[in-house]
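Analysis of the macromolecular model
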Amino acid sequence: MGLFSRKQKSPRESGILESQSTTSFASSTFRSLANNRVSAGSMLTTPNTPLSPMPSIKIPKIDLPRPPDPQLDPAGYLRSLGAVRDRAKALLDKAEENQLIHFDVDMNKFPDVVTFVSGLIKRDHDAPFQDIPSYGRYQHFCVGGRDRIAELLGSWPDNVDNAERCRRLIDLFLVSVLLDAGAGTTWTYKSIENGKVYRRSEGIAIASLEMFKSGIFSASPSNKHQVDKVGLRALTVAKIASGMQADPDNELVGLEGRTELLVRLADALEENTEYFGADGRPGNMIDHLLSHPATQASSILIVPLPILWNILMDGLSSIWPTRTAINGVPLGDAWSCEALPTSGLNSWESILPFHKLTQCLAYSLMQPMQSLLNMYFAGTELLTGLPEYRNGGLFVDLGVLTLKENDMARGLANYGAYCKQSGVKAIEVAPMFEASDDVIVEWRGLTVALLDKLCDDVNVALEAELDGHEMTLAQLLEAGSWKGGREIAEINRPNTKEPPILIDSDGTVF
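Residues numbered from 1 in each chain as written. Predicted model: local features only at pLDDT ≥ 70, side-chain atom pairs only at ≥ 80, totals over all residues. Heavy atoms only, no water.

**Things to note about the overall build of the protein**
- Of regular secondary structure, the protein possesses 20 helices and 13 strands.
- Split into buried and exposed, the 510 residues of the protein put 58% on the buried side.
- Of all intrachain contacts in the protein linking residues separated by at least 6 positions in sequence, the fraction that spans at least 24 positions is 76%.
- Total accessible area on the protein is roughly 20,400 Å²; 50% of this is exposed by carbon and sulfur atoms. (Helix = DSSP H or I, 4+ residues; strand = E, 2+ residues; numbered from the N terminus. Buried < 20%, exposed > 50% of the residue type's maximum accessible area, 1.4 Å probe, protein only. Contact = heavy atoms within 4.5 Å. Areas by Shrake-Rupley, 256 points an atom, 1.4 Å probe, with all protein chains shown as cover.)

In structure tokens:
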């Protein structure tokens, strides 16, 4: 079968991906939310059939808060969502001036990427491509065409209202995203429920779902299907290893880092009761969003995306290892980049922020909130492409980015040392670097900027088929770039399916 031979499309499934809500947007419940700022507990208890995760609806324009001025508050600026795209664009400007340290850039190859990604989209979806969901964790739970989230929702009794259903899914999605920092190339998971074997992100999704259903993250005697601070604090590396079926013969990279992340999450939930309530559940963030003064609920319920971003950045800040700080403030997933300025008063200009896992959370948590609570988010265009090895590998494998000779030699030496130390057999050799290496920082920054251009160019290439619509960046991530990075890796390295550049991950970045 050729690469662009038509794959059989999965039938549109019931559950969170498709159907209609029974809750009216103009209901008295939503009017009371707007006027009285009551908690989510007062929402309608009539069960909904969930909507599409990112339904197409025109949201009224509302004013969004601007990011902090970097001259006055550089740490606040670099922790903001707007800084990710700004700083990536600054790096791309350096690339256009041939001032990069580690990569050569050949934009003459960029049309090949556009053609490749457009072909994948046309192979797997029907024009005008409005069936493509936005990128999010939900889709990973549906591997094999089975809607496990719909099954989970259906397993709960009718007296569990939509607000609590949403809390539970947020609990699950948040932990699942945090566990998914790259699985490595050898790890597999055999489902307890059906005996099938899964790998990579889909494997981690199934493993985290089955762990969630077992109650490993809950300390509540009345509800094992939740995540709370007490349950998280009781986690150990051994418990996570058992739940993920990880052992020396089935290695999951960064197992210790993932476990530490979840244990630190317990402290973050306890410290931020404003967001996560006295019982310390991630899902309690919906009550904060619904009661926030910026939330608007007239004909439709609208939350400015920066409000959700602040919950994720401020509420979860303490879970991340301190890698880069400015004025004593930890920046999270942000790194110094040699290609950017490194001297003078504006030292913040040398830092590239990514906040990759936080952006994954934002993309993923919006899905149950929109589906179950009819909650829409203004400003989703602020989210960027995700700087990880699938999206970034697409541009390397198709020749837009080429690692410079001296870095290639260094990376291959790293890989050789890794194989010798770990006993891994070098089947398909690729350069390897730690996540903090400047090669990886530069690669990630270029990936963010190039994904924006890819989205624009794919929309142009598919203009006739789109029939007046426009594909969002989130849809491109789902149907094109991430999938394209995986498929081209399988073509170029069929034995390992590894990316063209390997990251020695600690389990908290990729």
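**A few points about the pairing of strand β5 (residues 301–304)**
- Of the two faces of β5, the one holding Leu301 and Val303 and the one holding Ile302 and Pro304 are both buried throughout.
- Taken together, the four bridges between β5 and strand β10 (residues 375–378) define a ladder with parallel strand orientation. Bridge pairing in β10 places Ile302 opposite Tyr376. (Pairing = 2+ DSSP bridges.)

**Some thoughts on helix α15 (residues 356–373)**
- In a regular helix each residue adds 1.5 Å, so 18 residues correspond to 26 Å; α15 covers 26 Å between its end C-alpha atoms and thus fits that length.
- The first or second residue beyond α15 is Asn374, which carries a positive phi of 55 degrees. (Expected span 1.5 Å × (residues − 1).)

**Re the pattern of salt bridges**
- In the structure shown here, the tally under the stated rule is 27 salt bridges.
- When the shortest N-O distance is used, the salt bridge between Arg123 and Asp124 registers 2.7 Å.
- According to the relative accessible area criterion, Arg123 is buried, its value standing at 2%.
- The residue Arg146 makes a salt bridge to Glu151 at a minimum N-O spacing of 2.9 Å. (Salt bridge = Lys/Arg side-chain N within 4 Å of Asp/Glu carboxyl O.)

**Let's talk about the side chain of His102**
- Take His102: it is sitting in the loop between α3 (81–96) and β1 (103–105).
- Exposure remark for His102: the relative accessible area of 5% places this residue in the buried category.
- Among all residues touching His102, those that are not within four sequence positions of it are Glu338, Thr402, Leu403, Lys404, Asp407, Asp438, Val439 and Glu442.

**So, the packing of α3 against helix α18 (residues 438–461)**
- Packing of α3 against α18 brings their axes to within 8 Å, and their N-to-C directions diverge by 100 degrees. On the basis of the axis angle, α3 is roughly perpendicular to α18. For the pair α3 and α18, contact is made by Val84, Arg85, Ala88, Lys89, Leu91, Leu92 and Ala95 and by Glu442, Gly445, Leu446, Val448, Ala449, Leu450 and Asp452, respectively.
- Across the contact of α3 with α18, the residue classes tally to nine nonpolar, one polar and four charged. (Axes fitted to C-alpha atoms, helices over the stretch in contact; angles between N-to-C directions. Parallel < 35°, antiparallel > 145°, perpendicular 65-115°, else oblique. Nonpolar A, V, L, I, M, F, W, Y, C, P; charged D, E, K, R; others polar.)

**Quick look at the packing of aromatic side chains**
- All chains considered together, the criterion is met by seven aromatic pairs.
- Over the ring of Phe141 we find Arg137, and its NZ or CZ is 5.9 Å from the ring centre.
- Residue placement shows Arg168 over the ring face of Trp156; its charged tip is 4.9 Å from the ring centre. (Phe/Tyr/Trp six-rings, centres within 6.5 Å; stacked < 30°, edge-to-face > 60°. Lys NZ or Arg CZ within 6 Å of the ring centre and 35° of its normal.)

**Topic: the environment of Leu169**
- Turning to its location among the elements, Leu169 is positioned in helix α7 (residues 162–179).
- Between the C-alpha atom of Leu169 and that of Pro368, which follows or precedes it by 199 residues, the distance is 6.6 Å.

**Points about the nonpolar core**
- With 136 residues, the main nonpolar core has Ile121, Phe217, Leu262, Met369 and Leu454 as its most contacted residues.
- When residues no more than four places from it in sequence are discounted, the contact partners of Ile121 are Phe129, Ile132, Val458, Leu462, Met471, Leu476, Ala479 and Gly480.
- Within the second largest apolar cluster, nine residues are counted, among which are Tyr77, Leu78, Ile326 and Ala334. (Core = buried A, V, L, I, M, F, W, Y, C linked by side-chain atoms within 4.5 Å.)

**Some words on helix α14 (residues 305–315)**
- For α14, the buried fraction is high: nine of the eleven residues fall into the buried class.
- Residues Leu305, Pro306, Ile307, Leu308, Trp309, Ile311, Leu312, Met313 and Gly315 constitute the buried set of α14.

**Some words on the environment of Gly393**
- Mapped onto the fold, Gly393 is located in helix α16 (residues 389–397).
- Look at Gly393 and you get buried, because its relative accessible area is 1%.
- In the structure, Gly393 is positioned 92 residues away from Gly485 in sequence and 5.6 Å away in space, judged by C-alpha atoms.
- When near neighbours in sequence (up to four residues on either side) are disregarded, Gly393 contacts Trp443 and Pro500.

**Digging into the packing of α14 against α15**
- Interaxial distance between α14 and α15 falls to 10 Å at its minimum, and their mutual angle equals 125 degrees. Here α14 is positioned oblique relative to α15, judged by the angle of their axes. Relative to α15, α14 is oriented so that their crossing is right-handed. Contact residues: Leu305, Leu308, Trp309, Leu312 and Met313 in α14; Thr358, Gln359, Leu361, Ala362, Leu365, Met366 and Met369 in α15.
- Looking at side-chain class alone, the contact of α14 with α15 contains ten nonpolar, two polar and no charged residues. (Left-handed = near helix turned anticlockwise from the far one by under 90°.)

**Some remarks on the side chain of Ser80**
- Mapped onto the elements of the fold, Ser80 is located in the loop between α2 (74–78) and α3.
- Residue Ser80 is classed as buried on the basis of its relative accessible area of 9%.
- Once residues within four sequence positions are removed from consideration, Ser80 is found in contact with Pro67, Pro68, Trp309 and His355.

**With respect to the environment of Gly231**
- Structurally, the position occupied by Gly231 is in helix α9 (residues 229–233).
- Sequence separation of Gly231 and Ile216 is 15 residues, and the distance between their C-alpha atoms is 6.8 Å.
- When near neighbours in sequence (up to four residues on either side) are disregarded, Gly231 contacts Ile216, Phe217, Ser218 and Ala219.

**Thoughts on unusual backbone geometry**
- Here the amide bond leading from Ala127 into Pro128 is cis, since omega sits at 5 degrees, within 30 degrees of zero.
- Positionally, Pro128 belongs in the loop between α4 (110–124) and α5 (138–141).
- Positive phi is not limited to glycine here, since Asn327 has a value of about 55 degrees.

**Section: the confidence of the model for the protein**
- With 86% of its residues at a pLDDT of 70 or more, the protein has an overall mean of 85.
- Of the regions scoring below 50 in pLDDT, residues 1–6 engages in 16 contacts with residues more than four places distant in sequence or in other chains.
- Counting interchain partners and residues more than four positions distant, the pLDDT-below-50 stretch residues 10–55 has 119 contacts. (pLDDT = per-residue confidence, 0-100.)

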